[in-house]
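# Architecture and fold: a report
Chain by chain, the residues run as shown.
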Amino acid sequence: MARRVAANWANRVRGDVDVMEAQEIMTRDPACCTPDHTVRDAAQLMQDHDCGCIPVVDEGRRLVGVVTDRDLACRCLAAGLGPETTVAEVMSVSPSCCAPDDDVHFVERIMEERQVRRVPVIDSSGACVGMVSQADVVRAAERSPQVSDREVARMVERVSAPLASARREAEVGRHGSG
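Residues numbered from 1 in each chain as written. Predicted model: local features only at pLDDT ≥ 70, side-chain atom pairs only at ≥ 80, totals over all residues. Heavy atoms only, no water.

## Considerations on the overall build of the protein chain
As a reminder of what qualifies: Numbered from the N terminus, helices here are DSSP runs of H or I no shorter than four residues, and strands are runs of E no shorter than two. Between two residues, a contact is recorded if the distance between any of their heavy atoms is within 4.5 Å. Using a 1.4 Å probe, accessible areas were evaluated by the Shrake-Rupley method; residue-level cover was limited to the displayed protein chains.
Broken down by element type, the protein chain carries eight helices and eight strands. Partitioning the intrachain contacts of the protein chain with sequence separation of at least 6 by distance along the chain shows that 56% fall at a separation of at least 24. In the form shown here, the protein chain has an accessible surface area of approximately 10100 Å², with 50% of it arising from carbon and sulfur atoms.

## Examining the sheet that holds strand 7 (residues 118-122)
The line we're drawing: The pairing criterion for strands is at least two bridges between them, as found by DSSP. Angles run from 0 to 180 degrees between N-to-C directions of axes, and those axes are lines fitted to C-alpha atoms, restricted for helices to the stretch in contact.
Pairing in this open sheet of three strands is antiparallel, and the strands run 3-8-7 from one edge to the other. Single-partner strands in this sheet number two, and they are strand 3 (27-28) and strand 7. Alignment of strand 7 against strand 8 (residues 128-133), held across five bridges, turns out to be antiparallel. Counted as the bridge partner of R118 is S133 from strand 8. Contacting strand 7 and strand 8, helix 5 (residues 104-114) crosses the sheet at an angle of about 130° to strand 7.

## Considering the pairing of strand 5 (residues 63-68)
We apply this condition: Categorising residues by exposure relies on relative accessible area from a 1.4 Å probe, with only protein chains included: less than 20% of the type maximum marks a residue as buried, more than 50% marks it as exposed, and the intermediate range marks it as partly exposed.
Counting buried residues in strand 5 gives five out of six residues, a clear majority hidden from the surface. Here strand 4 (residues 53-57) pairs with strand 5 via five bridges, running antiparallel. Note that in strand 5 the partner of C53 across the bridge is T68. Pairing analysis gives two bridges linking strand 5 to strand 6 (residues 92-93), with the strands arranged antiparallel. Bridge pairing links V66 to S92 in strand 6.

## Remarks on the side chain of D136
Quick note on the threshold: Identification of polar contacts relies on pairs of N or O atoms within 3.5 Å, with a donor-acceptor requirement for protein atoms, meaning one able to donate a hydrogen and the other able to accept it, and with residues adjacent in sequence counted only if both atoms are side-chain atoms.
Its location among the elements puts D136 in helix 6 (residues 134-143). For D136, the side chain forms a polar contact with the main-chain nitrogen of S133, separated by 2.8 Å. Once residues lying within four places of it in the same chain are set aside, the contact partners of D136 are I25, M26, T27 and M131.

## Looking at the nonpolar core
Across soluble globular proteins, you tend to see nonpolar side chains buried next to one another. Here is the rule: Residue types Ala, Val, Leu, Ile, Met, Phe, Trp, Tyr and Cys, when buried and joined through side-chain atoms within 4.5 Å, form a set referred to as a nonpolar core.
In terms of nonpolar packing, the biggest core is built from 19 residues, with I25, C98, V107, M111, V119, V132 and V137 touching the most fellow members. With residues near it in sequence (within four places) discarded, V132 still touches A22, I25, M26, V107, M111, R117, R118, V119, V121 and V137. Residues C33, A42, L72 and C76 belong to the second largest nonpolar core, which totals 14 residues.

## As for the confidence of the model for the protein chain
To keep things clear, this is the line we draw: For every residue, the predictor assigns a confidence score, pLDDT, that lies between 0 and 100.
Mean pLDDT over the protein chain works out to 82, with 79% of the residues at or above the 70 mark. Predicted confidence for residues 1-16 stays below pLDDT 50, and this span has 41 contacts to residues more than four positions away or in other chains. Throughout residues 165-178 the model reports pLDDT below 50, and contacts reaching past four residues in sequence, or to other chains, amount to two contacts.

## With respect to the sheet that holds strand 6
Taking strand neighbours across the sheet as the criterion, the three strands line up as 4-5-6 in an open arrangement whose pairing is antiparallel. A single partner strand is all that each edge strand has here, and the edge strands are strand 4 and strand 6. Helix-sheet contacts for helix 2 (residues 39-49) involve strand 4 and strand 5, and the interaxial angle to strand 4 is about 130°. With respect to the sheet, helix 3 (residues 69-77) is in contact with strand 5 and strand 6, its orientation differing from that of strand 5 by roughly 75°.

## Looking at the pattern of salt bridges
Close approach of charged atoms allows side chains of opposite charge to pair. Stated precisely, the cut-off is as follows: When a carboxyl oxygen of Asp or Glu is within 4 Å of a side-chain nitrogen of Lys or Arg, the pair counts as a salt bridge.
The full count for this structure, using the stated rule, is four salt bridges. We note a salt bridge from R75 to D71, for which the minimum N-O separation is 3.5 Å. Taken as a pair, R75 and D71 lie in helix 3 at a separation of four residues, close to a single helical turn. When its relative accessible area of 38% is taken as the criterion, R75 is described as partly exposed. Overall, D71 belongs to the buried group, its relative accessible area being 6%. D136 is the partner of R139 in a salt bridge, and the nearest nitrogen-oxygen pair spans 2.6 Å. Taken together, the positions of R139 and D136, both in helix 6 and three residues apart, correspond to about one turn of that helix.

Next comes the structure, spelled out in structure tokens:
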């Protein structure tokens, strides 16, 4: 039986293969904050919910960004900003997202291409309804033939690979600068 999968960039048919959708593996109704919350609030949510990424939403729960533990470390602490700094000052804007009915392979591709470990799931109105993490993809691979161990290993490797700019900086640091 053909099953149509809506991806953000195109609709495609996967033939007679039953695809696993993001909504089947996502964490539903993730803890969220607003741009006006403080980074202390965001860090507390991360601690309370045992996660490293909090969707940032507006009053209608529409996604406007994400704040990650890395954002807190690099954009806040390393920059000398304090715990009362607003999330708006350090959040990552325009995160790559998926829809609940996007297939897991599409979510993997987002993770690989954008080198992110978590992908927000938004509904047709832009409201954040879930979050898919690398761990969710790994768990899906363990229970489904639709996501292979090899695909998961490749995704983890690509997501974790240093960015080209970081590799260049490391090379300069290793070889000295003149």
